[in-house]
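# Structural characterization, general
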Amino acid sequence: MTIPPMGTLYLVRHGQASFGADNYDQLSPLGYQQCERLGEYLRERGLRFEAVLTGTLQRHLQSHEALARGLQATHEALRWPGLNEYDSHAVLAAVHDGPLSSLDKPTSPEGYKQHFRLLRQGLQRWMDGEVQPAGMPSYADFAAGVQAALDHVRHNHAGNVLLVSSGGPISTAVARVLGAPSSTSIELNMQLRNSALCEFSFNPKRHVLVAYNALPHLDSAAHRGWMTYT
């Protein structure tokens with residue numbers, strides 16, 4: 001019996017973005033540092049990539065640029081809109097009747113709790129088809145975009161592949177590979193840290209989860225203060 005060759009897909013959540021700012025879709029200075037450090041870590045271990053996929057958001061492209069600096073390698077990334085994040089503002093607006101200013105830009109611990117409590121509720125109702133946030137695809141179409149990226153990797157590659165995206169698409173990918181209900185991806189998403197590394201092994205038939213939400217590149221006294229979630 002011939003065993004199909006196994007490739008490895010490394011899924012990276014973008015570095016820290018600009019939570020609470022007028023434009024969230026920009027890496028913070030720390031976000032650039034997180035991703036460049038991850039690139040250095042991967043280079044130190046001799047990893048090279050035969051392909052790179054990214055979403056089309058600025059924080060995805062900036063994260064890939066910083067990773068490439070750390071890797072000291074250039075890649076022509078395939079930009080994949082199906083790896084773009086959901087619109088958290090639209091999700092919140094779909095389940096909240098009042099003004100969103102305090103939810104979009106929380107300034108206190110209670111404000112942060114309220115933001116993420118309502119975000120969880122909105123995501124679940126979107127997944128269940130109870131609400132349709134303005135300007136967003138249905139959840140079925142969102143998940144299909146993520147699945148299409150996974151299928152592309154399985155069908156076209158057999159080595160190391162790098163994928164740079166956001167918490168929503170990555171947690172959706174993990175839940176689908178595990179065969180878990182869509183609600184599981186919400187909790188996976190809320191725990192996913194900036195520049196965290198997830199790892200799938202894959203062959204032409206399937207993906208298998210190997211590692212989730214790892215920060216090996218920040219596991220030193222010099223870098224432990226760099227861990228963030230938003």
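Residues numbered from 1 in each chain as written. Predicted model: local features only at pLDDT ≥ 70, side-chain atom pairs only at ≥ 80, totals over all residues. Heavy atoms only, no water.

## Overview of the pairing of strand β2 (residues 51-54)
Across the two faces of β2 the burial is the same, with Ala51 and Leu53 and Val52 and Thr54 all buried. Judged from the 4 bridges that link them, β2 and strand β4 (residues 160-165) form a sheet pairing that is parallel. Residue pairing for β4: alanine 51 is matched across the bridge by valine 161. Pairing of β2 with strand β3 (residues 78-79) involves 2 bridges; the strand directions are parallel. Bridge pairing links leucine 53 to leucine 78 in β3. You can see the chain leave β2, run along helix α2 (residues 58-71) and come back into β3, and the turn it takes is right-handed. (Buried < 20%, exposed > 50% of the residue type's maximum accessible area, 1.4 Å probe, protein only. Helix = DSSP H or I, 4+ residues; strand = E, 2+ residues; numbered from the N terminus. Pairing = 2+ DSSP bridges. Right-handed = clockwise from strand over helix to strand, strands pointing away.)

## Describing the environment of phenylalanine 116
Relative to the elements of secondary structure, phenylalanine 116 occurs in helix α5 (residues 109-127). Taking relative accessible area as the criterion, phenylalanine 116 reaches 22% and is therefore assigned partly exposed. With 66 residues separating them in the primary sequence, phenylalanine 116 and glutamate 50 have C-alpha atoms 37 Å apart. Residue contacts for phenylalanine 116: discarding those within four places in its chain leaves Met190 and Thr230. (Contact = heavy atoms within 4.5 Å.)

## A short note on the state of the cysteines
Covalent bonding between the sulfur atoms of two cysteines is what defines a disulfide. Inspection of the entire model under this criterion finds 0 disulfides. The cysteine cysteine 35 is free of any disulfide, with cysteine 198 supplying the nearest cysteine sulfur at 13 Å. (Disulfide = S-S within 2.5 Å.)

Geometric values such as these leave the question of function open.
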